[in-house]
Number of protein chains: 2
Amino acid sequence: MKDNYPISVSVEEGIDLILKETKIISICTESVENLDGRVLAKDVVSKENIPPFRRSPLDGYAMRSEDIKQASKENPVTLKIIEEVPAGHVATKAISKGEAIKILTGATIPDSADCVIKFEDTEFDSEKVTVFAPLKSGQNVVPAGEDVKIGDIVVKKGTKLTPSQVGLLAGLGCDKVEVYKKPSVTLISTGDELVEVREELKPGKIRNSSAYNLNSILERSGLNSKMYGIVKDTTQEIGDAIKKAFESSDMVITTGGVSVGDYDKIKDAISYIGGKIIYWKTKMKPGSAFLAATYNDKLFFGLSGNPAAAAVALHIVCMPAIRKMCGIEEYQHKVIQVHTLSDFKKKSPNRRYIPGKLVIENGKACILTAESQGNGMLSPLNNCDIIANIEAGNTGIEKDTLLDAVFIFR
Amino acid sequence: MKDNYPISVSVEEGIDLILKETKIISICTESVENLDGRVLAKDVVSKENIPPFRRSPLDGYAMRSEDIKQASKENPVTLKIIEEVPAGHVATKAISKGEAIKILTGATIPDSADCVIKFEDTEFDSEKVTVFAPLKSGQNVVPAGEDVKIGDIVVKKGTKLTPSQVGLLAGLGCDKVEVYKKPSVTLISTGDELVEVREELKPGKIRNSSAYNLNSILERSGLNSKMYGIVKDTTQEIGDAIKKAFESSDMVITTGGVSVGDYDKIKDAISYIGGKIIYWKTKMKPGSAFLAATYNDKLFFGLSGNPAAAAVALHIVCMPAIRKMCGIEEYQHKVIQVHTLSDFKKKSPNRRYIPGKLVIENGKACILTAESQGNGMLSPLNNCDIIANIEAGNTGIEKDTLLDAVFIFR
């Protein structure tokens, strides 16, 4: 069979080829209390001001600045208190010349006042308040709509909501909100060497660690992820498992069987079930063994059987498409530059990705990498929050080199 | 009643006073698939190596380096293939002089071999393989225990687990793992000005946004958070609500009623139910209106009725204690330094906290702050991932000043 798909493409080409086949999942409605981390499916335009009225930011006395403009220590001005307005209430009287209203934090400032004085800066009893300095018009007056104005787009479609945005939506009375459905993904583990966590470890076997890592990454990224378990290394068994997994999933991911060995059955399995291969192999290390495909318009990723390589390919090559599937508007990687904290001697014939921890000291952003970076190792990923890259053809870099990097779990 | 608790303490003192009263919640057992973000309650010591055996990192031929040390393009060495070992299997024969074993990625390298050659670098048929260059002893041999060695502390007690650590624990056969219970917290909103999201907005009223923001922050921080709703501004109603909330919670947090106004009932409510005040008011802006207390050895926080001030106090003053409650070993703030991207003209008589977004370009870490930083505003918090601070007494800072900052949601 002739291969009619690209083989060994660059990371950028790979991401683009996959994004072209990526579709956003449908929309659903979610209650405001469950919105954190969900992706908004429609712009939210405010129908109200926050705050809805001119608000007092402190406990004190609302008055006319005109009345106290001559006030000083030597010539204090005493005003008559005509009413008291706690938060949640409104004044029933208007302030005339020589009058003030006692006002509490959060209460509506009456239209007849243009400033509020802190009670600590006055002398007062229940009937009168004495002021020792003038106030500017507008002083201690929080304007209506300071936080949000009517007609403001409060949060844009495609935004992954943060806690304060959840608070804002609640404050605007958004009880139910349209968000994108969380995509569902099933992880299938292939490889005759694998046994499950709960099984005995026989000679030549290793336990399935990769699925648990990938499952956690996908859940953190806003998907509903489930693990199918381990499937035998035959085209038919793998193909049947993928087909079955797609019945209940928006995306299927396998590990193992995507390099060039005799037992690498993923490509055959995709053909066997009638899937369409997008491309095979990415020019990167780790993670070059990789297959992207579609099945009934849904995305399929075949990741390496090597746990670290699988994780790096998922973060670097698949995440833009996963973010797009989730409905996130800014789905492309945001690239930062970080300094290396140590030499890195290895040659990089292909682009090399190095996971590490972002360290910031005195305004300088650096990447702290694990000392040992074995290809199969999960442990260097333990405390990583960024992945930096070294360009192809590099023969080794020195400490304090500036590298491009992307955040993971964002 | 005489106040016998500290009033208006520094942020550092406040954090310390609260930490002294903070207890870790109890331990429970969790299945490995649900471990991401949970906090380990015991060191996990490996009883196995990962990988458990010398592993081939590629598809090729295992052989004795001794046999091919003279190999070259001109004088290739041909070896007899005596067996094939796929991943998950072990060799049944030992390699003698002039012999090789076909080996697949992930398979056990037999003890009789000391190197593996990539199949692409050979010529081969089903019976023999020809090598054109020597290999070093150990070449392409992944040693047993490369990732984890027997006796290694794989993950320490008090670690908030990451996806790769979940993978590692699965790989070591940790089916059920002891973690700290998620603390439960109830949020009570006070303030006669508040109405619920679903209610009509009458004059003088504002909708409860703060509880939804804080609820999301607490959930993200690893707690089980619930919202009690809005309670009337009376000592008895607030006290009864706090008492009731503590029946089903490890921690209770209120908003509103902690400054010095006549309607600030939280302190009275704590006394009314027999709680013990830790301290009142923190020397910071926003968020100075704050009360920390204990009730039956459990923590209580009274946050400001101002949503932004409440969020900043929660992040800065309460989070170390919350992390400690969760069992996290490194519960103190990790301080970074970031450059400001704009002037900041306001005076800071007390220490001032400014939420912002971490921006990294060319290895320089900066804080991007919202243009408007109104005290009551939630919107400047929308895209924040760090909170920087300006020291007390500062009269304004210029662009490119280096400020201390802490990450939020970590």
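Chain A is annotated in an unreviewed UniProt entry as Molybdopterin molybdenumtransferase from Acetitomaculum ruminis DSM 5522. Note on chain A: under the UniProt heading Function (unreviewed entry), the record states "Catalyzes the insertion of molybdate into adenylated molybdopterin with the concomitant release of AMP." Quoted straight from UniProt, the Sequence similarities (unreviewed entry) entry for chain A says "Belongs to the MoeA family."

J.: Help me understand the overall build of chain A in this model?
T.: Of regular secondary structure, chain A possesses six helices and 25 strands. Taking the principal axes of its C-alpha atoms as reference, chain A extends roughly 95 × 50 × 40 Å. Split into buried and exposed, the 410 residues of chain A put 57% on the buried side. For chain A, the exposed surface amounts to about 17400 Å²; the carbon and sulfur share of it is 48%. Chain A carries 53 positive and 54 negative side-chain charges, and their two centres are separated by 4 Å.

J.: Would you mind going over the interface of chain A and chain B with me for this structure?
T.: The figure often quoted for interface size is the accessible area lost as the parts come together. Opposite the 86 residues of chain A that make contact, chain B presents 86 residues. The contact between chain A and chain B buries some 6700 Å² in all, and 54% of this surface belongs to carbon and sulfur atoms. Contact with chain B buries area across many residues of chain A, yet Pro 163, Ile 360 and Asn 382 of chain A alone supply 9% of it, more than any other trio. Counting every contact that joins chain A to chain B gives eight salt bridges. Arg 220 of chain A serves as the salt-bridge partner of Asp 36 of chain B, at 2.8 Å between the closest nitrogen and oxygen. For the interface between chain A and chain B, the tally reads 26 residue pairs in polar contact (both at pLDDT 80 or more). When residues of the side of chain A that touches chain B are assigned to their parent elements, the largest contribution, eight residues, is made by helix α2 (residues 163-171) of chain A.

J.: Help me out: how do you make sense of the relation of the copies chain A and chain B in this one?
T.: Here the two chain copies are tied together by a rotation about an axis and a shift along that axis. The two copies are related by a screw motion: chain A maps onto chain B through a turn of 180° and a shift of 0.0 Å along the axis, at an RMSD of 0.1 Å. Taken together, these values place the two copies in the relation of a two-fold axis. Considering only C-alpha atoms, the part of chain A nearest the rotation axis is Lys 364 of chain A, at 2.4 Å. A high fraction, 100%, of the interface residues of chain A reappear at the interface in chain B, so the copies pair face to face through one surface.

J.: How do you make sense of the environment of Thr 401 of chain B when you look at a structure like this?
T.: Residue and element names in this part refer to chain B. Within the secondary structure, Thr 401 is located in the loop between β24 (386-390) and β25 (402-407). The spatial distance from the C-alpha of Thr 401 to the C-alpha of Phe 344 is 9.8 Å, given a sequence separation of 57 residues. Looking at Thr 401, its side chain comes within polar contact range of the main-chain oxygen of Glu 398, at 2.5 Å.

J.: Sorry, what's going on with the pairing of strand β17 (residues 276-282) of chain A here?
T.: All names here are of chain A. The buried count for β17 comes to five of seven residues, which makes it a mostly enclosed element. Sheet topology places strand β1 (residues 7-9) next to β17; two bridges connect them, and they run parallel. Bridging across to β17, Val 9 finds its partner in Thr 282. Sheet analysis places β17 next to strand β19 (residues 291-295), joined by four bridges and oriented antiparallel. Pairing of Ile 277 across the sheet is with Ala 293, part of β19.

J.: Can you walk me through the packing of aromatic side chains in this structure?
T.: Any pair of aromatic rings gets described here by the distance separating the centres and the angle formed by the planes. As enumerated under the stated definition, the model contains 10 aromatic pairs over all chains in all. Judged by centre distance (5.6 Å) and plane angle (40°), the ring pair of Tyr 279 of chain B and Phe 290 of chain B falls under tilted. Of this pair, Tyr 279 of chain B sits in strand β17 (residues 276-282) while Phe 290 of chain B sits in the loop between β18 (284-285) and β19 (291-295), placing them 11 residues apart in sequence. Tyr 279 of chain B sits in the buried class, given a relative accessible area of 0%. An aromatic cluster is present here, built from Tyr 61, Phe 119 and Phe 124 of chain A joined pairwise through their rings. Taking the ring centre of Phe 409 of chain B as reference, the NZ or CZ of Arg 220 of chain B above it sits at 4.7 Å.

J.: Would you take a moment to explain the packing of helix α3 (residues 210-220) of chain A against helix α6 (residues 307-325) of chain A for this structure?
T.: How two helices sit against one another is set out by the angle between their axes and by the gap between those axes. All names here are of chain A. Where α3 meets α6, the closest approach of the two axes is 10 Å, and the angle between their N-to-C directions is 25°. Relative to α6, α3 is oriented roughly parallel. Considering the relative orientation of α3 and α6, their crossing is right-handed. Every residue of α6 that contacts α3 at Ser 210, Asn 213, Leu 214, Ile 217 and Leu 218 is listed here: Pro 307, Ala 310, Ala 311, Leu 314, His 315, Met 319 and Ile 322.

The rules behind each value
Residues numbered from 1 in each chain as written. Chains lettered and ligands numbered in written order. Predicted model: local features only at pLDDT ≥ 70, side-chain atom pairs only at ≥ 80, totals over all residues. Heavy atoms only, no water. UniProt positions renumbered as here; feature names shortened; annotations may be inferred. Helix = DSSP H or I, 4+ residues; strand = E, 2+ residues; numbered from the N terminus. Buried < 20%, exposed > 50% of the residue type's maximum accessible area, 1.4 Å probe, protein only. Areas by Shrake-Rupley, 256 points an atom, 1.4 Å probe, with all protein chains shown as cover. Lys, Arg positive; Asp, Glu negative; His and termini not counted. Charge placed at Lys NZ, Arg CZ, Asp CG, Glu CD. Contact = heavy atoms within 4.5 Å. Buried area = accessible area lost by both parts, 1.4 Å probe. Salt bridge = Lys/Arg side-chain N within 4 Å of Asp/Glu carboxyl O. Polar contact = N/O pair within 3.5 Å; in protein donor to acceptor, adjacent residues only side chain to side chain. Least-squares fit on C-alpha atoms with pLDDT ≥ 70 in both. Pairing = 2+ DSSP bridges. Phe/Tyr/Trp six-rings, centres within 6.5 Å; stacked < 30°, edge-to-face > 60°. Lys NZ or Arg CZ within 6 Å of the ring centre and 35° of its normal. Axes fitted to C-alpha atoms, helices over the stretch in contact; angles between N-to-C directions. Parallel < 35°, antiparallel > 145°, perpendicular 65-115°, else oblique. Left-handed = near helix turned anticlockwise from the far one by under 90°.

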